[in-house]
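Residues per chain are reported as follows:
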Amino acid sequence: PDLSPLDVSNEPLLTLDGAEITLRANLELPAEYEGVRRYGAQGIGLYRSEFLWSRHNGQPTEEEQYAVYVEIAELAGPYGAMVRLFDVGGDKIKARGAERNPALGLRGIRFCLRHEEILRTQMRAVLRAAARGHLNVVLPMVSDLVEIRRARAILEEERQRLQREGKAFGPVRLGAMIEVPSAVLMAEKLASEADFFSLGTNDLVQYLLAVDRSNDQVAEWFRSLHPAVLRSIHRTLEAARAASIPAVVCGEMAATPAYAVVLVGLGARDLSMTASSIPRVRRTLRHIEVRRAREIALESVGCATADEVEELIRQRLAEAW
Ligand code: PEP
Ligand code: MG
């Protein structure tokens, strides 16, 4: 309802009742780099590194990756960037060999752990680039704590190897994408071993509601405001809070102002989205009270259907703002 001009400053964003919200950019293509600066993103909440596979027609070398990650770190500045490990497979970059059900196949961290040399090369490139700026690593499609442990062991081995070789490297924290139902249900355990969470609402909706995110036939079943989705987000953010680890919400959901209000109500203080969406979301969140957003979110979590949640949000937002 707010008609004030779009807000493109990168001053800290405060809600009416003084809560600080961080708005970061999701990034994939070099064409989007300019937007990170222009729209005042506070760093890069998700760098989809698998894009490099299409650019290089296959696996990019360590040096190619290093150059890109240094560029990303410089672009992100003091807020830093989360480099997601290659989310190859699924509906994204095709992994080798056809799979009957790619969304449930060799995707994300599964692909990385299966092809360990690819994973080690990427870890080395990030560790080295982290000497030049603030970079963290995010594991895509985590469905079991063992994947975090294995990835951490490999990160540590590569760190030691760089040290032995006398090469420069920087500190890198290890986060887990929470985007499949088992990760939500096990969030408390994952939070005890991940350095941070990154909530991927696109895949979370897909896997929670069993709706192929790229299939138009079932688009009407893809409901970001389904109570099951909201409960999952709430639970995940609570687990992160209890374990005192940061959590960034980086699905496209955060880019819709009304949804961003609900996310803040569910406990999110760190949102990442397509850079061009940041000004709109910033303008909305500047005019809300967290106290009120929380009431709306908790009411939504108690609804029985997605229709009910949508109607509730429409009404409450019209009343409040
Ligand atoms: C997500 O799943 O919500 C996400 C942020 O990652 P991607 O869209 O690249 O799968
Ligand atoms: Mg995803």
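Residues numbered from 1 in each chain as written. Chains lettered and ligands numbered in written order. Predicted model: local features only at pLDDT ≥ 70, side-chain atom pairs only at ≥ 80, totals over all residues.

As recorded in an unreviewed UniProt entry, the chain goes by the name Phosphoenolpyruvate-protein phosphotransferase, listed as coming from Pyrinomonas methylaliphatogenes. According to UniProt, the comment filed for the chain under the heading Cofactor (unreviewed entry) is "Mg(2+)". Under the Sequence similarities (unreviewed entry) heading, UniProt states for the chain: "Belongs to the PEP-utilizing enzyme family." (UniProt positions renumbered as here; feature names shortened; annotations may be inferred.)

A. Structural detail: the pairing of strand β9 (residues 270-274). Along β9, four of the five residues are buried, which leaves the element largely enclosed by surrounding structure. Where strand β2 (residues 20-27) meets β9, five bridges bridge the pair, whose relative direction is parallel. When the sheet's bridge partners are listed, T22 is paired in β9 with D270. (Buried ≥ 20, exposed ≤ 12 C-beta atoms within 10 Å, placed from the backbone. Helix = DSSP H or I, 4+ residues; strand = E, 2+ residues; numbered from the N terminus. Pairing = 2+ DSSP bridges.)

B. The arrangement of the site of ligand 1 in detail. Around ligand 1, the neighbouring residues are L46, R48, D87, E179, G200, T201, N202, D203, C250 and G251. Residue assignment for the shell around ligand 1 shows that the elements contributing at least two residues are β3 (44-48) and α9 (201-208). With three residues, α9 is the largest single contributor of residues to the shell around ligand 1. In terms of residue class, the shell around ligand 1 is made up of two nonpolar, four polar and four charged. (Near = placed C-beta within 6 Å. Nonpolar A, V, L, I, M, F, W, Y, C, P; charged D, E, K, R; others polar.)

C. Local environment of the pairing of β2. The buried count for β2 comes to six of eight residues, which makes it a mostly enclosed element. Across two bridges, the pairing between strand β1 (residues 13-14) and β2 is antiparallel. Residue L13 lies in a different strand from β2, and its bridge partner there is I21. Between β1 and β2, which pair antiparallel one after the other, the connecting turn spans five residues, and G18 there sits at a positive phi close to 85 degrees. Here three bridges tie β2 to β3, and the two strands are oriented parallel to one another. From the neighbouring strand, A25 faces β3, where its bridge partner is I44.

D. Highlighting helix α12 (residues 278-285). Turning to α12, its buried residues are I278, V281, R282, T284 and L285. Buried residues of α12, viewed axially, fall in a sector of 165 degrees; they line one side. Here the buried face of α12 lies against β1, β2, α11 (257-265) and β9. (Arc of directions from axis to C-beta. Contact = placed C-beta atoms within 7 Å.)

E. A look at the environment of P181. Residue position: P181 is located in helix α7 (residues 181-185). As a C-alpha pair, P181 and V229 span 48 residues in sequence and 9.7 Å in three-dimensional space.

F. Molecular detail of helix α5 (residues 116-129). Compared with an ideal rise of 1.5 Å per residue, which puts 14 residues at 20 Å, α5 spans 20 Å between its outermost C-alpha atoms and is within 8% of the ideal. Regarding α5, the residues found buried are L119, Q122, M123, R124, A125, V126, L127, R128 and A129. The inward-facing, buried residues of α5 contact α3 (62-76), β4 (81-84), α4 (108-114), β5 (135-139) and α6 (145-164). (Expected span 1.5 Å × (residues − 1).)

G. Representation of the UniProt feature "binding site: phosphoenolpyruvate" (unreviewed entry) in the chain within the structure. According to UniProt, the positions carrying the feature "binding site: phosphoenolpyruvate" (unreviewed entry) are R48, R84, N202, D203 and R213. Tracing the backbone through its elements, the reader meets R48 in strand β3. The exposure class of R48 is partly exposed, given the 19 C-beta atoms found within 10 Å. Contact partners of R48, with chain neighbours within four places excluded, come to E28, R84 and D87. Residue placement: R213 occurs in the loop between α9 and α10 (227-242). In this structure R213 touches N202, Q206 and F222, once residues within four positions along its chain are discounted.

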